[in-house]
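Structural description and commentary
Okay, here's what each chain looks like letter by letter:
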Amino acid sequence: MITQELFDTIYLGLQAQGWQRSFSTRRDLCMYRGPEGRKCAIGQAIPDDEYDRAMDDDVAGVFNCDDFHRRDMFLNLTKEQFNELQYAHDNSSEPDEMHAAFKGIASKYGLTVPVLP
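Now for a quick tour of the structure. Predicted model only: the values in this text are computed from it and were never measured. (Residues numbered from 1 in each chain as written. Predicted model: local features only at pLDDT ≥ 70, side-chain atom pairs only at ≥ 80, totals over all residues. Heavy atoms only, no water.)

**Considering the overall build of the protein chain**
Helix and strand counts for the protein chain stand at five helices and two strands. Going from N to C terminus, the protein chain has its helices and strands arranged as α-β-β-α-α-α-α. By the compact-globule yardstick of 13 Å for 117 residues, the protein chain fits well, its C-alpha radius of gyration being 13 Å. Overall size of the protein chain, expressed as C-alpha extent along the three principal axes, is 35 × 30 × 25 Å. Put simply, the protein chain has 117 residues, and 41% of those count as buried. Within the protein chain, residue pairs in contact and separated by at least 24 positions form 55% of the contacts whose partners lie at least 6 positions apart. (Helix = DSSP H or I, 4+ residues; strand = E, 2+ residues; numbered from the N terminus. Rg over C-alpha atoms; globule rule 2.2 N^0.38 Å. Buried < 20%, exposed > 50% of the residue type's maximum accessible area, 1.4 Å probe, protein only. Contact = heavy atoms within 4.5 Å.)

**Regarding the environment of methionine 98**
Turning to its location among the elements, methionine 98 is positioned in helix H5 (residues 95-109). Overall, the relative accessible area of 0% leaves methionine 98 in the buried class. In this structure, the C-alpha to C-alpha distance between methionine 98 and glycine 18, residues 80 residues apart in sequence, is 9.9 Å. Sequence-distant contacts of methionine 98, that is, excluding residues within four places in its chain, are made with Leu14, Trp19, Gln20, Arg21, Ala88, His89 and Ser92.

**Details of the packing of aromatic side chains**
Here the structure, examined in full by the defined rule, presents eight aromatic pairs. Here the aromatic rings of tyrosine 11 and tryptophan 19 are separated by 4.9 Å at their centres, their planes lie at 75°, and the arrangement is edge-to-face. The same class applies to tyrosine 11 and to tryptophan 19, which are both buried. Three or more aromatic residues joined by ring pairs make a cluster, and in this case those are Tyr32, Phe63, Phe68, Phe74 and Phe82. A cation sits over an aromatic face here: arginine 21 above phenylalanine 23, 4.5 Å from the ring centre. (Phe/Tyr/Trp six-rings, centres within 6.5 Å; stacked < 30°, edge-to-face > 60°. Lys NZ or Arg CZ within 6 Å of the ring centre and 35° of its normal.)

**Brief notes about the nonpolar core**
As a rule of thumb, nonpolar side chains are buried together in soluble globular proteins. Judged by nonpolar contacts, the single largest core of 28 residues is most densely connected at Tyr32, Ile42, Phe68, Phe74, Leu85 and Phe102. Broken down by element, this core gets its largest block of residues, five residues, from helix H1 (residues 4-16). With residues up to four places along the chain from it excluded, the contact list for isoleucine 42 reads Tyr32, Phe68, Phe74, Leu77, Phe82, Leu85 and Gln86. (Core = buried A, V, L, I, M, F, W, Y, C linked by side-chain atoms within 4.5 Å.)

**Let's talk about unusual backbone geometry**
A positive phi angle, near 60°, is found at glutamate 36, a position not held by glycine. With respect to the helices and strands, glutamate 36 occurs in the loop between strand E2 (29-30) and helix H2 (41-44). By relative accessible area, which is 69% here, glutamate 36 ends up exposed. Residues other than glycine seldom take positive phi values, yet aspartate 72 does so here, at roughly 60°. By the secondary structure assignment, aspartate 72 is in the loop between helix H3 (65-70) and helix H4 (79-90).

If you want it as structure tokens, here you go:
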């Protein structure tokens, strides 16, 4: 289940970075923690002390929902929801597209779009 707390963390984090993807042109992939300090949707919710570079290892395989579950992370998310959050980030190359995608997720799950204090 995508909780309001998780959604707020993701939404406000992405908003703070201008709805810019966490994308490495060198590696040609989105990253949980990428260049210029950006984070992807799921990356916004990974505490700094729990982040491991192995999560973004494109050689061994970037972490998926099952990998996070094995670390007791994101246990409240189904694979479908996890993938939906990733997709909204990874497939939105323009800030307006990403912003709209996350507003759509909020609507779908009955979540409130947070407002900066």
